[in-house]
Amino acid sequence: MIPWQQHLKQAITSADELLEAVGIEPASVPERDRAPGFPMRVPRPFVSRMQPGNLQDPLLRQVLSDQAEWQVAPGFVPDPLKEHQSVLPGVLHKYGSRVLLVFRGGCAVNCRYCFRRHYPYDEGTLKTRDLRAVVEYLSRETGVNEVILSGGDPLMADDDSLATAFSALASVPTIRGLR
């Protein structure tokens, strides 16, 4: 069995390679892979579940850029959930009794419909060195009783990072839920 980390290293990162992998001539698909700012990442086991030759395959459409997604439309903004301002790096206090911790910036598959595609992960992701400040913040915010690990996919973190975060968050007496 191949470890998931190896699948990520071998993931497809270009539209041409993806189209060839599913038996579609890249030249027959105009304007693919020209969208800036949101990289493609598709692990090969995910690709293996796509229907060969079918440009309308739902899994392929989930990851292949389309011109329509870059058209400007009224009401659509890069930060639809107003998450680009956080109280601390990686801490989104959007709900009264719970906070979101942007624990990891990446996902195994970069979906085209991601509502955090414009999120500033470089500066907005919780770093291990910031964990103490988060615990201090949560200790002062006594109305917070739940912490949600989010991101990207928090399960892309290594086990030690998750264990460290769980241990630190468990030290806050008011936190009753962690998911």
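The model shown is predicted, which means the values in this text are computed figures rather than measured ones.

Q: Even after reading the chapter, I still don't get the overall build of the protein, so can you show me in this structure?
A: Counting its regular elements, the protein contains 7 helices and 4 strands. From first element to last, N terminus to C terminus, the protein shows the α and β order α-α-α-α-β-β-α-α-β-α-β. Along the first, second and third principal axes, the C-alpha atoms of the protein reach 60 × 45 × 25 Å. Per-residue burial for the protein yields a buried fraction of 40% across its 179 residues. Of the contacts formed within the protein by residues at least 6 apart in sequence, a portion of 73% connects residues at least 24 apart. One finds the centroid of the 20 positive side-chain charges in the protein at a distance of 5 Å from the centroid of its 21 negative side-chain charges.

Q: Can you help me understand helix H6 (residues 131-140) in this one?
A: Along an α-helix, residues three or four apart share an orientation, since each turn contains 3.6 residues. Burial in H6 covers these residues: Leu131, Val134, Val135, Tyr137 and Leu138. Angular distribution of buried residues about the axis of H6 spans 160°; they occupy a single face of the element. For H6, exposure combined with an orientation more than 90 degrees from the buried face picks out Arg132 and Arg140. Of the surrounding secondary structure, the elements contacted by the buried residues of H6 are strand E1 (91-92), strand E2 (98-104), strand E3 (146-151) and helix H7 (159-170).

Q: What am I meant to see in the pairing of E3 here?
A: Residues in a regular strand project their side chains so that they alternate between the two faces of the sheet. With 6 of 6 residues buried, E3 lies mostly within the body of the structure. Burial along E3 is two-sided: Glu146, Ile148 and Ser150 and Val147, Leu149 and Gly151, pointing in opposite directions, are all buried. Looking at chain direction, E2 and E3 are connected through 6 bridges and run parallel. Within the sheet, the bridge partner assigned to Val102 lies in E3 and is Ser150. Across 2 bridges, the pairing between E3 and strand E4 (residues 177-178) is parallel. The partner of Val147 across the bridge, within E4, is Leu178.

Q: Where do I start with the nonpolar core in this structure?
A: Within soluble globular proteins, side chains that are nonpolar generally end up buried alongside one another. With 20 residues, the main nonpolar core has Val99, Leu101, Phe103, Leu138 and Val147 as its most contacted residues. Listed by contribution, the elements that provide at least two residues to this core are E2, H6, E3 and H7. The greatest single-element share of this core, amounting to 5 residues, is contributed by H6. Those residues in contact with Val147 that lie beyond four places of it in its chain are Val99, Leu101, Leu138, Leu169, Ile175, Gly177, Leu178 and Arg179. Core analysis: the next-biggest nonpolar cluster, separate from the first, contains 17 residues, Met40, Leu60, Leu64 and Cys111 among them.

Q: Is there a simple way to explain empty space enclosed by the protein in this structure?
A: A probe as big as a water molecule, rolled over the atoms, marks out the empty space that is left. Tallying each qualifying case throughout the model produces 2 cavities of 30 Å³ or more. Quantified by volume, the largest cavity comes out at close to 60 Å³. Lining of the largest cavity is provided by Phe103, Arg104, Leu126, Lys127, Thr128, Leu131, Ser161, Thr164 and Ala165. Broken down by secondary-structure element, the contributors of at least two residues to the lining of the largest cavity are E2 and H7. In terms of residue count, H7 provides more of the lining of the largest cavity than any other element does, 3 residues in total. Class assignment of the residues belonging to the lining of the largest cavity gives a composition of 4 nonpolar, 3 polar and 2 charged.

Basis of the calculations
- Sequence order as written defines the numbering, with residues in each chain counted from 1.
- It should be noted that, the model being predicted, local features are given only for residues of pLDDT at least 70 and side-chain atom pairs only at 80 or more, the latter also being counted only at that level, while totals for whole chains, interfaces and linings use all residues.
- The side-chain figures draw on all heavy atoms in the structure; neither hydrogens nor water molecules are used.
- Put simply, DSSP H or I for four residues or longer makes a helix, DSSP E for two residues or longer makes a strand, and each gets a number counted from the N terminus.
- Any residue under 20% of the maximum accessible area for its type is buried, any over 50% is exposed, and the rest in between are partly exposed; the area is computed with a 1.4 Å probe on protein chains only.
- A contact between two residues is defined here by any heavy atoms of the two lying within 4.5 Å.
- When charges are counted, Lys and Arg contribute as positive and Asp and Glu as negative, whereas His and the chain ends are disregarded.
- A charged residue contributes its charge at one atom only: NZ of Lys, CZ of Arg, CG of Asp or CD of Glu.
- To obtain the arc, one takes the directions from the helix axis to the C-beta atoms.
- Should DSSP find at least two bridges between two strands, the strands are regarded as paired.
- Joining through side-chain atoms within 4.5 Å is the link that ties buried Ala, Val, Leu, Ile, Met, Phe, Trp, Tyr and Cys residues into a set, and such a set is a nonpolar core.
- For each structure, a 1 Å grid was placed over the protein atoms alone; sets of points admitting a 1.4 Å probe that cannot get out are labelled cavities, open sets with protein on both sides within 12 Å along at least five of seven lines are labelled pockets, and lining residues have an atom within 4 Å of a point.
- Grid points are joined across faces, edges and corners, and a volume is the space filled by probe spheres set on the points.
- Under the scheme applied, nonpolar residues are Ala, Val, Leu, Ile, Met, Phe, Trp, Tyr, Cys and Pro; charged residues are Asp, Glu, Lys and Arg; polar residues are all the others, including Gly.

None of the figures reported here should be taken as evidence of function without further support.
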